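# Topology and contacts: notes
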Amino acid sequence: MEEVKRFSLSEVTLHSSKKDCWLVIHDKVYDVTKFLEDHPGGEDVLIHASANGDATDSFEDVGHSSTATAMMMSFQIGVLDSYDAGSDAGASAGVAASAFAAPKTNPTAAPNYSLSDYLLPLLILVVATAAWYYLTVVNKA
């Protein structure tokens, strides 16, 4: 089995320039230097996230696509010292297997809708129908 390289957070934050840019997302370390110019949000976003240390929150807030998440695996160079392989869902083969594993998603999971997701369109429909009725039927009478 291949041993996974471990880095401290302070070591990762030393790599925050255009020539050498590392990110920490979900306790995994990524060297994104070659991706800086191709990043849709611009290279400054990645450099800023790199200087801040852990970029997990920034990554999650943007809502990256599954393609972007899958693409990350090719940039992973290791994990943080604090990384616990057992915390990954379904990890049983140790650090090497889970550290470089693809994110686990459930594509067949039903979307989570609330009542307000239905009420707003229904309210718009009712208002539009009432306006149409008033403008066509009531105004002619």
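Residues numbered from 1 in each chain as written. Predicted model: local features only at pLDDT ≥ 70, side-chain atom pairs only at ≥ 80, totals over all residues. Heavy atoms only, no water.

The next thing to look at is the pattern of salt bridges. Within the structure shown, the criterion is met by 1 salt bridge. Where Lys18 meets Glu43, a salt bridge forms, and the shortest distance between an N and an O atom there is 3.0 Å. Of this pair, Lys18 sits in the loop between helix 1 (9–13) and strand 2 (22–25) while Glu43 sits in helix 2 (residues 43–51), placing them 25 residues apart in sequence. The class for Lys18 is exposed, based on a relative accessible area of 52%. When its relative accessible area of 25% is taken as the criterion, Glu43 is described as partly exposed. (Salt bridge = Lys/Arg side-chain N within 4 Å of Asp/Glu carboxyl O. Helix = DSSP H or I, 4+ residues; strand = E, 2+ residues; numbered from the N terminus. Buried < 20%, exposed > 50% of the residue type's maximum accessible area, 1.4 Å probe, protein only.)

With that settled, consider helix 2. For helix 2, the full list of buried residues reads Leu46, Ile47, Ala49 and Ser50. Looking straight down helix 2, one finds that the buried residues subtend no more than 165 degrees of arc, so they occupy a single side. Residues of helix 2 that are exposed and angled more than 90 degrees away from the buried face: Asp44 and His48. On its buried face, helix 2 is in contact with helix 1 and strand 2. Looking at the residues trailing helix 2, positive phi occurs at Gly53, about 100 degrees. (Arc of directions from axis to C-beta. Contact = heavy atoms within 4.5 Å.)

Turning our attention to the packing of aromatic side chains. Within a pair of aromatic rings, the relevant descriptors are the distance that separates the centres and the angle that separates the planes. As enumerated under the stated definition, the model contains 2 aromatic pairs in all. On the basis of an interplanar angle of 65 degrees and a centroid distance of 4.9 Å, the ring pair of Phe7 and Trp22 is categorised as edge-to-face. Residue Phe7 is found in strand 1 (residues 6–7), and its partner Trp22 is found in strand 2; the two are separated by 15 residues along the sequence. Assessed through its relative accessible area of 10%, Trp22 is described here as buried. Between Phe35 and Phe75, the aromatic rings sit 5.4 Å apart at their centres with planes inclined by 50 degrees, giving tilted as the arrangement. Pair noted here: Phe35 is in the loop between strand 3 (28–31) and helix 2 and Phe75 is in the loop between helix 4 (66–72) and strand 4 (76–80), with a separation of 40 residues, a long-range link. As far as the burial class goes, Phe35 and Phe75 line up, both buried. (Phe/Tyr/Trp six-rings, centres within 6.5 Å; stacked < 30°, edge-to-face > 60°.)

Side-chain alternation along strand 2 places Trp22 and Val24 on one buried face and Leu23 and Ile25 on a second face that is also buried. In this structure, the hairpin formed by strand 2 and strand 3 is closed by a connection of 2 residues, where His26 is found at a positive phi of approximately 55 degrees. (Pairing = 2+ DSSP bridges.)

Within the fold, His26 resides in the loop between strand 2 and strand 3. Sequence spacing of His26 and Leu80 is 54 residues, and the spatial spacing of their C-alpha atoms is 9.2 Å. One polar contact links His26 to Glu60, side chain to side chain, over a distance of 2.7 Å. (Polar contact = N/O pair within 3.5 Å; in protein donor to acceptor, adjacent residues only side chain to side chain.)

This part takes up the confidence of the model for the protein. Taken residue by residue, the protein gives an average pLDDT of 77. The fraction at 70 or more is 77%. The model gives residues 89–103 a pLDDT under 50, and that stretch makes 29 contacts with residues more than four places away or in other chains. (pLDDT = per-residue confidence, 0-100.)

This part is about the sheet that holds strand 3. The 4 strands are arranged 1-4-3-2 in an open sheet whose pairing can be described as mixed. Lying at the two open borders of the sheet, with one neighbouring strand each, are strand 1 and strand 2. Where strand 3 meets strand 4, 3 bridges bridge the pair, whose relative direction is antiparallel. When the bridges of strand 4 are listed, Tyr30 appears paired with Gln76.

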